[in-house]
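Take a look at the letters that make up each chain.
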Amino acid sequence: MLDTAFFLSWLTLAAEAVDREAGRLTELDSAIGDADHGSNLRRGFAAVRAALDAEPPATPGAVLVLAGRQLISSVGGASGPLYGTLLRRTGKALGDAPEVSPGEFAEALRAGVAAVAELGGATAGDKTMLDALEPAAAALAGTTDSFAAARTAAEEGARATVPLQARKGRASYLGERSIGHRDPGAASSALLLAALAQAAED
Ligand code: ADP
Ligand code: MG
Ligand code: MG
């Protein structure tokens, strides 16, 4: 079973990864965007950490809802509302149970990913974070060593954005010039899934 401490650990590891990789994320965003993805997420996850430290929530669902709310209110870019919606919707789907099974979490994450797709009007193949999130959520639901499989699926999904032409977000303004670069949001999604796998290993 996955308890509140597991979700706190996931978000702490995610914040550390974002901190460590912020330069790389911003570099990716400088190629096909406005060079702020790393700093956007760094600010967002710092706010998440501060909120979780100030008032640690009592359930897995509450952890994710609070984190999502912080991302929405502290990140100005597109990724704030999108990741905020991901965590908030996933958290809402978990309800107020003190512990959740990996299967319940996988189902909740699928609902969260669906909410991101709805909010941004994107689907897999549009060269966005969904190219990492969708295969990761599917892997989490469909395999036994699911956290490791989700990490691999997200990383492969992010890598597969390189040859794609962006159809959503700022990168889509570049048209064909968006081809040949990894999508920054797909790269950060891979970091979040790697942090999840790490939390599961600890
Ligand atoms: P901004 O583009 O506003 O500067 P960020 O740089 O923080 O915001 O985030 C950019 C990332 O957000 C993109 O790389 C992409 O993965 C994701 N993104 C942008 N628009 C959408 C959308 N409509 N649906 C899903 N993801 C999106
Ligand atoms: Mg940007
Ligand atoms: Mg921006």
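Once a new chain begins, its residue numbering starts again from 1 and follows that chain's sequence as written. Chains carry letters from A onward and ligands carry numbers from 1 onward, assigned in written order. Residue-level local features of this predicted model are given only where pLDDT is at least 70; pairs of side-chain atoms are given and counted only at 80 or more, and the full residue set underlies all totals for whole chains, interfaces and linings.

J.: Quick one: what's the story with the overall build of the protein, residue by residue and with numbers?
T.: Secondary structure counts use DSSP, requiring at least four H or I residues in a row for a helix and at least two E residues in a row for a strand, with both numbered from the N terminus. Looking only at helices and strands, one finds 8 helices and 2 strands in the protein. Counting from the amino terminus, helix and strand elements in the protein follow one another as β-α-α-α-α-β-α-α-α-α. Our radius of gyration is a C-alpha quantity, and the globule rule it is checked against amounts to 2.2 Å times the number of residues to the power 0.38. Relative to the 2.2 N^0.38 estimate, which gives 17 Å for 202 residues, the radius of gyration of the protein is 15 Å and therefore close to what a compact globule would have. Each principal axis of the C-alpha distribution contributes one length, and for the protein these read about 50 × 35 × 30 Å. Evaluated residue by residue, the protein yields a buried proportion of 53% over its 202 residues. C-beta atoms are placed from the backbone for every residue, and two residues are taken to be in contact when these atoms lie within 7 Å. Long-range pairs, those at least 24 residues apart, make up 64% of the contacts in the protein between residues at least 6 apart in sequence. Partly exposed residues are those falling between the two cut-offs: more than 12 but fewer than 20 other C-beta atoms within 10 Å of their own, whereas 20 or more means buried and 12 or fewer means exposed, with C-beta atoms placed from the backbone.

J.: So, the nonpolar core: which residues are in play, and what are the values?
T.: Note on terminology: a nonpolar core is a set of buried residues of type Ala, Val, Leu, Ile, Met, Phe, Trp, Tyr or Cys, with members joined through C-beta atoms within 7 Å. Grouped together as the largest cluster of nonpolar side chains are 58 residues, with contacts concentrated most on A14, A136, A150, A190, L193 and L196. Listing elements by their share of this core, those giving two or more residues are α1 (4–32), α2 (37–54), α3 (60–74), α4 (79–94), α5 (102–120), α6 (130–142), α7 (146–159) and α8 (184–201). With 11 residues, α8 is the largest single contributor of residues to this core. Ignoring anything within four residues of it in the chain, the contact list for A150 reads A136, A139, L140, L193, L196 and A197.

J.: Go over the site of ligand 1, please, and point to the residues and values.
T.: All residues are tested the same way: a C-beta atom is placed from the backbone, and lying within 6 Å of a molecule or strand makes the residue near it. In the vicinity of ligand 1 lie 23 residues, with G77, G120, T128, G169 and G185 positioned nearest. The greatest single-element share of the shell around ligand 1, amounting to 3 residues, is contributed by α8. Three categories are distinguished: nonpolar for Ala, Val, Leu, Ile, Met, Phe, Trp, Tyr, Cys and Pro, charged for Asp, Glu, Lys and Arg, and polar for the others, with Gly belonging to the last. Looking at the shell around ligand 1, its residues break down into 7 nonpolar, 10 polar and 6 charged.

J.: Hey, could you go over the environment of S9 for me, with residue numbers and the actual values?
T.: One can find S9 in helix α1. Overall, the presence of 17 C-beta atoms within 10 Å leaves S9 in the partly exposed class. Along the backbone, S9 and G103 are 94 residues apart, and their C-alpha atoms lie at a distance of 19 Å. With residues near it in sequence (within four places) discarded, S9 still touches A199 and D202.

J.: Give me the lowdown on α4, citing residues and values where you can.
T.: Helical periodicity: at 3.6 residues per turn, an α-helix aligns residues three or four positions apart in one direction. Taking 1.5 Å per residue, 16 residues should reach 22 Å; α4 reaches 22 Å between its end C-alpha atoms and fits that length. With respect to burial, α4 is a largely interior element, 14 of its 16 residues being buried. Of the residues flanking the end of α4, it is G95, one or two places downstream, whose phi is positive at about 65°. By definition here, a helix of n residues has an expected span of 1.5 Å times n minus one.

J.: With reference to specific residues and values, describe α6.
T.: Taking 1.5 Å as the rise per residue, α6 with 13 residues should run 18 Å; its terminal C-alpha atoms sit 18 Å apart, in good agreement. Of all 13 residues in α6, 10 are buried; the element is thus mostly enclosed. Looking only at α6, the buried set comprises L130, D131, A132, L133, E134, P135, A136, A137, A139 and L140.

J.: Please set out the packing of α1 against α3 residue by residue, giving values where relevant.
T.: The axes are straight lines fitted to the C-alpha atoms, using for helices just the contacting stretch, and the angles between their N-to-C directions are given from 0 to 180°. Where α1 contacts α3, the axes come no closer than 8 Å and their chain directions differ by 25°. Taken together, the axes of α1 and α3 are roughly parallel relative to one another. Residues T4, F7, L8 and L11 of α1 form the contact with α3, whose participating residues are P60, V63, L64 and A67. Looking at the contact of α1 with α3, its residues break down into 7 nonpolar, 1 polar and no charged. Between 65 and 115 degrees an angle is taken as roughly perpendicular, under 35 as roughly parallel, over 145 as roughly antiparallel, and anywhere else as oblique.

J.: Could you give an account of the confidence of the model for the protein, naming the residues involved and the relevant values?
T.: Here the protein averages 97 in pLDDT, while 100% of its residues score no lower than 70. Here the predicted complex scores 0.98 on pTM and 0.99 on ipTM. Confidence scores labelled pLDDT are given residue by residue by the predictor and lie between 0 and 100.

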